[in-house]
Amino acid sequence: MKKSQSESEWTLEIKPVSGWFNFHLKDVWKYRDLLFMFVKRDFVSVYKQTILGPFWFFLQPILTTITFTIVFGNIAKIPTDGIPPILFYMSGIVCWGYFSDCLTRTSSTFITNANIFGKVYFPRLVSPLSNIISLLMKFGIQMILLIGFLIYFKMNGSDVNPNIYILLTPYLILLMAGLGLGFGIIVSSLTTKYRDFTFLVSFGVQLLMYATPVIYPLSALPEKYKWIVLANPMTSIVDTFRYAFLGAGTFNAGNLLYTSVFVVLILSIGIIVFNRVEKTFMDTV
Amino acid sequence: MNSVIKVENLSKMYRLGLVGRRTIAEDLTRFWAKFTGKEDPYLKVGETNVRAVKGRSDFVWALKNINFDINDGERYGIIGKNGAGKSTLLKILSRVASPTTGNIKVKGRVASLLEVGTGFHPELTGRDNIFLNGSILGMSQDEIKSKFDSIVDFSGVERYIDTPVKRYSSGMYVRLAFAVAAHLEPEILIVDEVLAVGDAEFQKKCLGKMHDVSEKEGRTVIFVSHNLHAIKILCQKTLILNNGELFANGNTEEVLSMYHELNRDIKIGADTEVDNIKSRRGNGFIRFTSIDALDFSGKSRYTFEHGEPVRFKISFRTYKEMNGVTLTIAVMSGLSRECLTLAHHEITRQKLDAGITGEAVVEFSNLNIKPGEYPLHFELTDIVYNGYSKDVIDDLTPPLVIKAGDKVKDSEFDPEKPSGFFLTPSKLILNELNENVMEVKNI
Ligand SMILES: Nc1ncnc2c1ncn2[C@@H]1O[C@H](COP(=O)(O)OP(=O)(O)OP(=O)(O)O)[C@@H](O)[C@H]1O
Ligand SMILES: [Mg+2]
């Protein structure tokens, strides 16, 4: 009688890892202060480390855009849907950059945080979540750059037509973040056991870029290969983004829906795997 | 009494060695066994964890069938040799690692301090790091804000609070980190060996704070340390882990005396395989074959009354040619691990071949140190020290325990305030070499 009374008061029970589905998403919410602190840490350390820090954020897309314009535009002469090549490439690069940053950064979650994970408990998901939020800073700076170029080209009479679909941008960002996070935490979970996965990522991300309409428009693809590129969930994001800001290409709600479903799926798988691994990971490092 | 932590049949298995390509195959085997409903094949090969004996399998039980209860407001010490499983237990309690079997029930918020300054970022200022570290340890922003002034005050680094911590001295860094941790207000505070870093003053401050937290605010404290002295001051109850098993659990006084018993069982032999470099080093040219402490009448014991003469009897064996032999016996301070005093004697100046055994007894006739516990350090080297020692036994034997006797004199050493090195007379009262062992053995 007395026993059952005291047993109900336990606030926490630590048990062996079992099952795949007992995650504590509520815990993540409880630790939102920590999430905020991690983001702040990233902001401050980028800002303080070098004066060049934020400057690099500008330089990187500009240099890449120039390279792409020369290589793919002038030499390979890949069409750009009638849009100034600089705007075409830069819009693709900015989008792709955010996604690939999210993926690569979160994919090393366990390795970069091994020390702190080994010393203190908090829902591990807080770390990759803080990464994708911090990366918004870089994305935001690059967006300003892109908009600057856009205004310049528009004033000089180029045929670019930003339109109402711009309102979709937050949703597109959410999709990219979800996609990067989903893939990233799956990879990070795998790397704790089989380290060879780390190289596969950087290689895979590069390869995936060529299966995304970053350097070419969807319209320039031969019908035969189109399905490969359309199966890539990033495709509709980049495509919609370009349509919204530059008015080129098409807007296809079906493709965007496909991507949304894909994101939900990959994110669910990611969270399940990640939750499982976070409990056994300390034994394998 | 109300129990706040209840540990039931807790076990933890680890895999030793490198995780190689084999693991994929192993995982498949495991999966197959699970799939066909058989028992996990790797759970069987685990064996108890004896550091000195090389195991045959790569799986080891870091903890095995642990059961205990901790009551509200108790200060509990956990002691045990290196690798006994203390940190593993704390890691499971703090949810950093998961148990393999068994479970733990906890009542109340747990904060664990497995390290000071977890997550400190060098580029951030002291102020930012207080907030960052505080959130990592589980405090909310408001909580940190309300305690901020008192944290800064406790740390004593006000002047540098807006300087990046990379410019802090290591002492300031530790102070700030501990100040944050000291202001956590969990119902249960878990502390692992943080006292090992920092100076004597800092160690004392930590101990004092832990004591206050429990005494004044009624919180439960769990404290792991190799420092038996600190355990004795702080903890009412103690448990001993030995090779992953619970060896004893009870009042600190009683348990500590059992710990000495346990340590007495360690036999230092030439073939003791001690892979922990911290405890045994050397190139194996010569090895201790036994180490013992003796009293005046030749009886073996490690506990002495204050003022009593203490003798150490050692024997050794050479495995390679040695250019003479010297023996060093050092008495260390339990708190700071500084050397308090030592005896240094030439055993022989002549060149020794391999296979020679010897025996020596060193006496400290007047070891004037305060009651307390002193880890011991034994070392054999060539007559000319040429950069590395031949065999070192560091803190593997029981510590020397000095008890307050009748003849307490005004002694110089205080284990709480190690104040440097002291010369103490010692003499070699027995010294024998036996050169014929090899031949005798061959007949
Ligand atoms: N991640 C790990 N992988 C494999 N073995 C491990 C791991 N962590 C600990 N062990 C093993 O578990 C055993 C217990 O280790 P633990 O760190 O708990 O010892 P300890 O009592 O804290 O020792 P110390 O006094 O040296 O701190 C050791 O044999 C150790 O080798
Ligand atoms: Mg330890």
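Note that this is a predicted model, so its numbers are computed, not measured. (Residues numbered from 1 in each chain as written. Chains lettered and ligands numbered in written order. Predicted model: local features only at pLDDT ≥ 70, side-chain atom pairs only at ≥ 80, totals over all residues. Heavy atoms only, no water.)

S.K.: Would you mind going over the overall build of chain B with me for this structure?
M.R.: Each helix and strand in chain B was counted, giving ten helices and 21 strands. The burial tally for chain B puts 54% of its 443 residues in the buried class. At a minimum sequence separation of 6, the contacts of chain B that also span at least 24 residues come to 73%. Of the roughly 20100 Å² of accessible surface on chain B, a fraction of 50% belongs to carbon and sulfur atoms. (Helix = DSSP H or I, 4+ residues; strand = E, 2+ residues; numbered from the N terminus. Buried < 20%, exposed > 50% of the residue type's maximum accessible area, 1.4 Å probe, protein only. Contact = heavy atoms within 4.5 Å. Areas by Shrake-Rupley, 256 points an atom, 1.4 Å probe, with all protein chains shown as cover.)

S.K.: Would you mind showing me how to read empty space enclosed by the protein here?
M.R.: To locate leftover empty space, one rolls a probe as large as a water molecule over the atoms. Under the counting rule described, the total for this entry stands at three cavities of 30 Å³ or more. As for the largest cavity, its lining consists of Leu 113, Phe 178, Ala 181, Ala 182, Leu 184, Pro 186, Leu 189, Val 191, Lys 209, Met 210 and Val 213 of chain B. For the lining of the largest cavity, the secondary-structure elements that each account for two or more residues are helix H6 (170–182), strand E6 (188–192) and helix H7 (200–217) of chain B. The class makeup of the residues in the lining of the largest cavity is ten nonpolar, no polar and one charged. When its volume is computed, the second largest cavity comes out at roughly 70 Å³. Around the second largest cavity, the lining is made up of eleven residues, and of these His 24, Val 28, Pro 123, Asn 275 and Glu 278 of chain A lie nearest the centre. The set of elements that each furnish at least two residues to the lining of the second largest cavity consists of helix H2 (25–30) and helix H13 (253–284) of chain A. Among the elements that line the lining of the second largest cavity, the one with the most residues is H2 of chain A, at three residues. Grouping the amino acids of the lining of the second largest cavity by side-chain chemistry returns six nonpolar, two polar and three charged. (1 Å grid on protein atoms, 1.4 Å probe; cavity = no way out; pocket = protein on both sides within 12 Å on 5 of 7 lines; lining within 4 Å. Points joined across faces, edges and corners; volume = space filled by probe spheres on them. Nonpolar A, V, L, I, M, F, W, Y, C, P; charged D, E, K, R; others polar.)

S.K.: Got a minute to help me understand the packing of aromatic side chains in this structure?
M.R.: Centre distance and the angle of the planes are the two values used to describe a pair of aromatic rings. Under the counting rule described, the total for this entry stands at 24 aromatic pairs over all chains. Considering the side-chain rings of Trp 96 of chain A and Phe 99 of chain A, the 5.1 Å spacing of their centres and the 55° angle between planes classify their relative orientation as tilted. Pair noted here: Trp 96 of chain A and Phe 99 of chain A are both in helix H5 (residues 85–107), with a separation of three residues, about one helical turn. Look at Phe 99 of chain A and you get buried, because its relative accessible area is 1%. Clustering of aromatic rings is evident, with ring pairs tying together Phe 38, Phe 110, Phe 117, Phe 122 and Phe 274 of chain A. Sitting over the face of the ring of Tyr 121 of chain A, Arg 95 of chain B holds its NZ or CZ atom 3.8 Å from the ring centroid. Lying over the aromatic face of Trp 10 of chain A, Lys 107 of chain B brings its terminal NZ or CZ to 4.5 Å of the ring centre. (Phe/Tyr/Trp six-rings, centres within 6.5 Å; stacked < 30°, edge-to-face > 60°. Lys NZ or Arg CZ within 6 Å of the ring centre and 35° of its normal.)

S.K.: Looking at this model, I keep getting lost on the site of ligand 1. Mind explaining?
M.R.: Lining the immediate surroundings of ligand 1 are 17 residues, of which Gly 83, Lys 86, Ser 87, Thr 88 and His 226 of chain B lie closest. In this structure ligand 1 sits where residues from chains A and B come together. Within the side chain of Ser 87 of chain B, one N or O atom sits 2.6 Å away from an oxygen atom of ligand 1. A distance of 2.5 Å separates an oxygen atom of ligand 1 from a polar side-chain atom of Thr 88 of chain B. Calculation on ligand 1 without its partners gives an accessible area of 640 Å², and the protein chains cover 74% of this total. Those elements that place two or more of their residues in the shell around ligand 1 are H13 of chain A together with strand E1 (3–15) and helix H3 (86–93) of chain B. Here the residues of the shell around ligand 1 are counted per class, giving five nonpolar, seven polar and five charged. (Near = heavy atom within 4 Å. Polar contact = N/O pair within 3.5 Å; in protein donor to acceptor, adjacent residues only side chain to side chain.)

S.K.: What should I look at first to understand the interface of chain B and chain A in this one?
M.R.: Interfaces are often described in size by the accessible area the parts lose on coming together. Taken together, the contact pairs 47 residues of chain B with 40 residues of chain A. Together chain B and chain A conceal approximately 3700 Å² of surface at their shared face, both sides included; 59% is due to carbon and sulfur atoms. Among the residues of chain B in contact with chain A, Arg 95, Val 96 and Ile 136 of chain B are the three that bury the most area, contributing 17% of the side total. Taken together, the connections running from chain B to chain A amount to one salt bridge. A salt bridge links Lys 40 of chain A to Asp 128 of chain B; its shortest N-O distance comes to 3.8 Å. Here chain B is connected to chain A by five residue pairs in polar contact (both at pLDDT 80 or more). Contributions of two or more residues to the side of chain B that touches chain A are made by E1, helix H1 (22–35), H3, strand E4 (101–106) and helix H4 (126–136) of chain B. Residues belonging to the side of chain B that touches chain A are distributed by class as follows: 18 nonpolar, 18 polar and eleven charged. As paired elements, strand E1 (residues 12–14) of chain A and E4 of chain B share three bridges and run antiparallel to each other. Residue Leu 12 of chain A lies in a different strand from E4 of chain B, and its bridge partner there is Val 106 of chain B. (Buried area = accessible area lost by both parts, 1.4 Å probe. Salt bridge = Lys/Arg side-chain N within 4 Å of Asp/Glu carboxyl O. Pairing = 2+ DSSP bridges.)

S.K.: Looking at this structure, I do not really get the state of the cysteines. What am I missing?
M.R.: Working definition of a disulfide: a covalent bond connecting the sulfur atoms of two cysteines. Residue and element names in this part refer to chain A. Applying the stated criterion across every chain, the model contains zero disulfides over all chains. Here Cys 102 stays unpaired: no disulfide links it, and the sulfur of Cys 95, its closest cysteine neighbor, is 11 Å away. Assessed through its relative accessible area of 0%, Cys 102 is described here as buried. (Disulfide = S-S within 2.5 Å.)

S.K.: Hey, could you run me through the packing of helix H9 (residues 169–191) of chain A against helix H12 (residues 233–246) of chain A in this one?
M.R.: For any two helices packed against each other, one specifies the inter-axial angle together with the distance between the axes. All names here are of chain A. Between H9 and H12, whose axes approach to 10 Å, the crossing angle comes to 155°. Here H9 is positioned roughly antiparallel relative to H12, judged by the angle of their axes. Between H9 and H12 the crossing geometry is left-handed. Only Pro 233, Met 234, Ile 237, Thr 240, Phe 241 and Phe 245 of H12 make contact with H9, whose side of the interface consists of Thr 169, Leu 172, Leu 175, Met 176 and Leu 179. In the contact of H9 with H12, the residues fall into nine nonpolar, two polar and no charged. (Axes fitted to C-alpha atoms, helices over the stretch in contact; angles between N-to-C directions. Parallel < 35°, antiparallel > 145°, perpendicular 65-115°, else oblique. Left-handed = near helix turned anticlockwise from the far one by under 90°.)

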